[in-house]
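Remarks on the overall topology
Okay, here's what each chain looks like letter by letter:
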Amino acid sequence: MTTTLQTNPKTIIDLTDVVKDFGSFQALKGISATIREGEFFSLLGPSGCGKTTLLRLIAGFDHPTTGAIMIDGKPMEGIPANQRPTNMVFQSYAIFPHLSVADNVGYGLKKKKLSKAEIAAEVDKALSMVDLAGYDSRAAHELSGGQRQRVALARALVMRPKVVLLDEPLSALDKKLREQMQHELRALQQSLGITFILVTHDQEEALIMSDRIAVMFEGKIAQLASPEELYRRPATKRVASFIGVMNFLPASVTAQTNKTLSINIPALGNVDVSRSALPIGFFADDLREIGIRPEMLTVLFDPSDTAQNEVTAEVTSNTYYGDMTYYGVLLPGQTTPVTISMRNTAGRSIAKPGSTVRVGWGAESVVLFK
Amino acid sequence: MRALRKLTTINWLMIYAVAYMIFLYAPVILLPMFAFNDATIIAFPLSGFTTKWFSALWNTDALHGAVANSALVALITAVISTLLGASAARAAAQYNFPLKRGIIGFIMLPLVLPEIIVAVALLVMLMQLGLSLSLWTVVAGHVLICTPFSIAILSSAFAGMDRSLEEASFDLGENRWGTFRRITLPLIMPGVISSLLITFTISLDEFIIAFFLTGTDVTLPVYIWSQLRFPTKLPSVMALGTILLTVSVVMLILAEWFRRRAARRQGLDAQAGGGII
């Protein structure tokens, strides 16, 4: 069963050209995507990008202006939220304040014609799934933020949904608890094998938890890819700057063959890259800039350190983070410094502003942009 | 020195506050005083304690009719204006529609319109429509002035309610009616009770509209007014007033208690926001 899921994942949600207008404001400008059964899928973007709107359309709280949503092979047009195989964990958790934990979790089961004993058993199972066994009779106001979040999750899972929708579920928690819940949610999702769709504006959270991420800006999907691909091969400058830090440098193509592109980067030198590094729909002549991540640039402290390519540059600033130091470095012919992150090691001092250093870099770490 | 100055400031404020309270409540305190006074003439010095004016009330049949009329009018008014108020409050708190402010403003207007104008206008209109005056016309007038109070009370109940609670219920398979019954109603219930109590009290005490719009059946305040023509009945009126006063105060305290309970349930600060009393 598991192997067939992995080798041939079934589509659980199919979005076709979904548009949503709110009066004259277009919140979604044509979203098409397929979400696979059993995957952890994230909608990532800044506030106002339409990610929550899209989630609410999938849940059935709102309806698309045009376009189609299919869940588990069935068109969802005209099907209200209470008849969809999806359940939502709300940003505010929406724990019913007048009901106990057990009554909150068992709320939806009362409509399913189960006996009292069956409901109690299901509720217990769901509560132990989220590590809240024994909290049945607690009142909502006696719970901490993290516990409320777990109750909201148990209340959704107990319905055995095909898809669990999570609307920024961790944004109200403090940093430590949030990191813990990120791992727990991911582990729970993997053990249950249910599709989770997470809405978040936190790129780190999306990278940690997801199988695939749709990055959204202004009502459109800018890129849909795995976390690694998204980080390594961002399709646009905007995606690149939204996910982590990216240094941009002017560049141009000087020569091209069937397999390789010869690129001149005034700040770093000449380099040959594989044509496969070009994003889809991107012609070599369109190249205007390259991007390189701070950790892909290396300050070569020791004279014996070597790299594929080297330039000499001047340190303009350093910021000490304990485990890491972030340098501002002015590359040859540039007016704005690039950022270089270096892991701190024993016995190595930190380069002072004004000092001259050798900077090493590799051709594979170069990302191409229009 | 500074402490002294502080003290004198507070003292002036205290004097003002006490004077204000005396001005406001001294006449009200006279009511029970003379209700228990053993004399027909309403004047100091008091002559002795008696409960005979209360027993006299017990034996007045016309009064019983008026009490029954008032109770009926107040009850129906409370239910209708709370229903209307709940609908309007929900619309105002949770939905956006064109001219919303204007519409809500017009509904709230009777709150500040002089009652005599409302009463005369209603009377003229009812006459034009050829309807005969009865307790029902009084109910109609009372609903008009009570609904704004109901909206004010229930608006805070709805505004404090997280909308995602209803969505969560819907998401968990419940339909709209079930969501209202299992989530919305229990959460606004204290506000509903508070609204019922306050609108009941307003209707029970209301005189002008009842005076203009009632037919042959009179309500309690109208009955009391009619009794003022007979000086010997005055102490009985005082006794009746005392009972009405007690009932009103108890109901308003209960209403406020329920409103605060509603706020607490929703995790809001009970002191802050929305209370009209």
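Note that the structure is a prediction, hence the values are computed from the model and not measured. (Residues numbered from 1 in each chain as written. Chains lettered and ligands numbered in written order. Predicted model: local features only at pLDDT ≥ 70, side-chain atom pairs only at ≥ 80, totals over all residues.)

Attention shifts here to the overall build of chain B. Helix and strand counts for chain B stand at 11 helices and zero strands. The order of α-helices and β-strands along chain B, N terminus first, is α-α-α-α-α-α-α-α-α-α-α. Burial statistics for chain B: of 277 residues in total, 33% are counted as buried. Within chain B, contacts between residues separated by at least 24 positions form 78% of all contacts whose residues are at least 6 apart in sequence. (Helix = DSSP H or I, 4+ residues; strand = E, 2+ residues; numbered from the N terminus. Buried ≥ 20, exposed ≤ 12 C-beta atoms within 10 Å, placed from the backbone. Contact = placed C-beta atoms within 7 Å.)

A tally of regular secondary structure across chain A gives nine helices and 21 strands. Its C-alpha atoms give chain A principal-axis dimensions of about 75 × 50 × 45 Å. Counting across all 370 residues of chain A, residues that qualify as buried make up 36%. Intrachain contacts of chain A at a sequence separation of at least 6 include 64% that bridge at least 24 residues.

So, on to the interface of chain A and chain B. Contact residues are listed per partner, giving 18 residues for chain A and 17 residues for chain B. Of the residues assigned to the side of chain A that touches chain B, the class counts are 10 nonpolar, six polar and two charged. (Nonpolar A, V, L, I, M, F, W, Y, C, P; charged D, E, K, R; others polar.)

In this section: the packing of helix H3 (residues 61-94) of chain B against helix H8 (residues 176-205) of chain B. Residue and element names in this part refer to chain B. The contact between H3 and H8 brings their axes to 8 Å, and the two run at 135°. As judged from the angle between their axes, H3 and H8 are oblique. Where H3 crosses over H8, the handedness of that crossing is right-handed. Taking contact as the criterion, the partners of Ser70, Val73, Ala74, Leu75, Thr77, Ala78, Ser81, Thr82, Gly85 and Ala86 in H3 are, on H8, Val192, Ser195, Leu196, Thr199, Phe200, Ser203 and Leu204. (Axes fitted to C-alpha atoms, helices over the stretch in contact; angles between N-to-C directions. Parallel < 35°, antiparallel > 145°, perpendicular 65-115°, else oblique. Left-handed = near helix turned anticlockwise from the far one by under 90°.)

What follows concerns unusual backbone geometry. Residue and element names in this part refer to chain A. In this structure, Asp131 is a non-glycine residue whose phi angle is positive, near 60°. Residue classification places Asp131 among the partly exposed positions, given that 13 C-beta atoms sit within 10 Å. At Arg160, a position not held by glycine, the phi torsion is positive, near 50°. Relative to the helices and strands, Arg160 is located in the loop between helix H5 (145-157) and strand S7 (163-167).

Residues and elements named next belong to chain A. Here four strands make up an open sheet; going across it, the order is S2-S1-S4-S5 and the pairing antiparallel. If you trace the sheet from one side to the other, it starts and ends with strand S2 (25-36) and strand S5 (74-75), each paired once. Bridge count between strand S1 (residues 11-22) and strand S4 (residues 66-71): five bridges; the pairing is antiparallel. Residue pairing across strands places Ile13 opposite Ile71, the latter belonging to S4. (Pairing = 2+ DSSP bridges.)

All names here are of chain A. Burial runs high along helix H2 (residues 51-59): eight of the nine residues are buried. Within H2, the full set of buried residues consists of Lys51, Thr53, Leu54, Leu55, Arg56, Leu57, Ile58 and Ala59. Just downstream of H2, Gly60 is the residue with a positive phi angle, here 100°.

The next subject is the sheet that holds strand S18 (residues 324-330) of chain A. Note: strands within a sheet are paired through backbone hydrogen bonds, in either parallel or antiparallel orientation. All names here are of chain A. With respect to topology, five strands assemble into an open sheet ordered S16-S20-S17-S18-S19, the strand pairing being antiparallel. Two strands lie at the open edges of the sheet, namely strand S16 (298-300) and strand S19 (338-343), each paired on one side alone. Neighbour to neighbour, the strand axes of the sheet diverge by 50° on average, direction disregarded. Inspection of the sheet shows S16 paired to strand S20 (residues 356-361) by three bridges, in the antiparallel sense. Considered in S20, the bridge of Val299 is made with Val359.

Residues and elements named next belong to chain A. Structurally, chain A comprises domain 1 (10-239), domain 2 (245-290) and domain 3 (291-362). Distance from the C-alpha centre of domain 2 to the C-alpha centre of domain 3: 23 Å. Each side of the interface is counted separately: domain 2 has 11 residues, and domain 3 has 13 residues. Those elements giving two or more residues to the side of domain 2 that touches domain 3 turn out to be strand S11 (247-250), strand S14 (269-274) and strand S15 (289-292). Counted by class, the side of domain 2 that touches domain 3 contains eight nonpolar, two polar and one charged residues. (Domains from an automatic or database assignment.)

Core analysis: the largest hydrophobic core is formed by 144 residues, its most contacted members being Ala154 and Ile197 of chain A. Sort the elements by how many residues they give to this core and helix H6 (residues 135-159) of chain B lands first, with 13 residues. Excluding its chain neighbours within four sequence positions, the residues that come into contact with Ile197 of chain A are Ile35, Phe41, Leu43, Leu55, Ile58, Val163, Leu165 and Leu166 of chain A. Among the nonpolar cores identified, the runner-up in size contains seven residues, and Ala35, Trp53, Met238 and Leu240 of chain B belong to it. (Core = buried A, V, L, I, M, F, W, Y, C linked by C-beta atoms within 7 Å.)

Let us look at the environment of Val215 of chain A. Residues and elements named next belong to chain A. Note on placement: Val215 falls in strand S9 (residues 212-217). According to the C-beta neighbour criterion, Val215 is buried, with 27 such atoms within 10 Å. If near-sequence neighbours (up to four positions away) are discounted, Val215 is found in contact with Leu44, Gly45, Ala222, Gln223, Leu230, Val239 and Phe242.

We now examine the confidence of the model for chain A. Within chain A, residue pLDDT values average 89, and 98% of them lie at 70 or more. Long-range and interchain partners of residues 1-5 of chain A, a stretch whose pLDDT sits below 50, account for two contacts in this model, where long-range means more than four residues apart. (pLDDT = per-residue confidence, 0-100.)

Residue and element names in this part refer to chain B. Interaxial distance between helix H7 (residues 163-171) and H8 falls to 10 Å at its minimum, and their mutual angle equals 140°. When the axes of H7 and H8 are compared, the pair comes out oblique. Here H7 runs over H8; the crossing is right-handed. Contacts from Leu165, Glu166, Ser169 and Phe170 of H7 reach H8 at Thr179, Arg182, Ile183 and Thr184. Across the contact of H7 with H8, the residue classes tally to three nonpolar, three polar and two charged.

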